Amino acid sequence: MDVVYFLKHSQFEDVEIRYSLRSIARHCPWVRKVWVFGDRPLFLSEDTTIVEHVPHDTFSRALGFPNPMTNFFQMLFSSSLIPELDSEYLWFCDDFFVIKDWTIEQARTLRYLQDMDSLQRRGRGLWLDSLWRTYDVLRRFKLPRLNYETHVPTYYRKHWPLEAYAQFRDFVTDDRWYGLLGPTAILNHAVAKNGLTPICIKDEGCRAGFWGESPSFDDVVVACHGRQFLNFDDKAMGPGIRQYLDVQFPERSKYEKPDA
């Protein structure tokens, strides 16, 4: 099984993906190869047998997509076309971290955040508008309507984005937020067409997350105890999280240049 990252250079000099890659090296030794789709970190190893950079323009010109791409549906579809990509892969962003050992069998589990049919109110905002627009399209096609925006590593099979794009092409846009949300659209389509049974991440209790403000180191340690994944946003990326990542992943991984 492979791993595909989407990367746009971060304001923290890509330190997030450095630690995320270390988390894979430590807790997912069964990963065959990592693909970094988008920008290339300066520290990335040049050993293409284990990690390889794929810029957006590898596919954007042929597909008529913008360069760089910002819409996740377009990126999920484009990256699935990497010829040497394994038939099974995990999608990562640079702020997804595996914080305890994870088996390949566990990695094949599909996780969703919530059943949107059960929500009483839609709410408003750029992201919520996009989520509910995706919901309306799924409902039109009589597909499941689960929210897959979980912010944890997500399992895909190579043909899922292609099949979903064939169904939803008229609703996919260049704009990141105006069109469909990629994971929610693609995975609901895959579940319906392949008879899969996803689980709710809230019931599983496998993720620690920090968003909006920077936690202390002790807060991070407590929240991560017994959890499988860690996720945080830019506002939470402060001394507490940096210290936690330093403690958990102090050693350079095989995905980094020796002199990085």
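Below is a short write-up of the structure.

Calculation criteria
- Residues numbered from 1 in each chain as written.
- Predicted model: local features only at pLDDT ≥ 70, side-chain atom pairs only at ≥ 80, totals over all residues.
- Heavy atoms only, no water.
- Phe/Tyr/Trp six-rings, centres within 6.5 Å; stacked < 30°, edge-to-face > 60°.
- Buried < 20%, exposed > 50% of the residue type's maximum accessible area, 1.4 Å probe, protein only.
- Lys NZ or Arg CZ within 6 Å of the ring centre and 35° of its normal.
- 1 Å grid on protein atoms, 1.4 Å probe; cavity = no way out; pocket = protein on both sides within 12 Å on 5 of 7 lines; lining within 4 Å.
- Points joined across faces, edges and corners; volume = space filled by probe spheres on them.
- Helix = DSSP H or I, 4+ residues; strand = E, 2+ residues; numbered from the N terminus.
- Nonpolar A, V, L, I, M, F, W, Y, C, P; charged D, E, K, R; others polar.
- Pairing = 2+ DSSP bridges.
- Axes fitted to C-alpha atoms, helices over the stretch in contact; angles between N-to-C directions.
- Contact = heavy atoms within 4.5 Å.

Focus on the packing of aromatic side chains
Think of a pair of aromatic rings as described by two things: how far the centres are apart, and how the planes are tilted against each other in angle. Under the counting rule described, the total for this entry stands at 22 aromatic pairs. Judged by centre distance (5.7 Å) and plane angle (85°), the ring pair of Tyr 155 and Trp 160 falls under edge-to-face. In this pair, the class of Tyr 155 matches that of Trp 160, namely buried. Members of the aromatic cluster, connected to one another through ring pairs, are Tyr 5, Phe 6, Phe 37, Phe 59, Phe 72, Trp 91, Phe 92 and Phe 96. Sitting over the face of the ring of Phe 43, Arg 18 holds its NZ or CZ atom 4.2 Å from the ring centroid. Its guanidinium or amino end placed over the ring of Tyr 178, Arg 133 lies 4.6 Å from that ring's centre, counting from NZ or CZ.

Focus: the layout of surface pockets
Taken as a whole, the largest pocket spans an internal volume of roughly 1100 Å³. Along its surface, the largest pocket is lined by 37 residues, and Phe 72, Cys 93, Asp 94, Asp 95 and Arg 176 are the ones closest to its centre. Looking at the lining of the largest pocket, the elements with two or more residues in it are strand E1 (2-7), strand E2 (34-38), helix H3 (72-79), strand E4 (88-93), helix H7 (182-194) and strand E12 (229-232). Considering only residue class, the lining of the largest pocket consists of 18 nonpolar, 10 polar and 9 charged.

Considering the sheet that holds strand E9 (residues 154-157)
Ordered by their spatial adjacency, 5 strands build an open sheet running E3-E2-E1-E4-E9, and the pairing between neighbours is mixed. A strand with exactly one partner marks an edge of an open sheet, and here the two such strands are strand E3 (51-54) and E9. Sheet twist, expressed as the average angle between the axes of neighbouring strands with direction ignored, equals 25°. Its contacts with the sheet place helix H1 (residues 15-27) against E1, E2 and E4, and it is angled at close to 170° to E1. Those strands touched by H7 are E4 and E9, and its axis lies near 55° from that of E9.

Notes on the sheet that holds strand E11 (residues 207-210)
The strand order across the open sheet built from 3 strands is E5-E12-E11, with neighbouring strands paired in mixed fashion. Because the sheet does not close on itself, it has two edges, and the strands there are strand E5 (96-98) and E11. For this sheet, the mean angle separating the axes of adjacent strands, direction not counted, is 20°. Judged from the 3 bridges that link them, E5 and E12 form a sheet pairing that is antiparallel. Bridge pairing links Val 98 to Phe 229 in E12. Those strands touched by helix H9 (residues 217-224) are E11 and E12, and its axis lies near 155° from that of E11. Strands in contact with helix H10 (residues 239-248) are E5, E11 and E12; relative to E12, the strand with the most contacts, it is inclined by about 150°.

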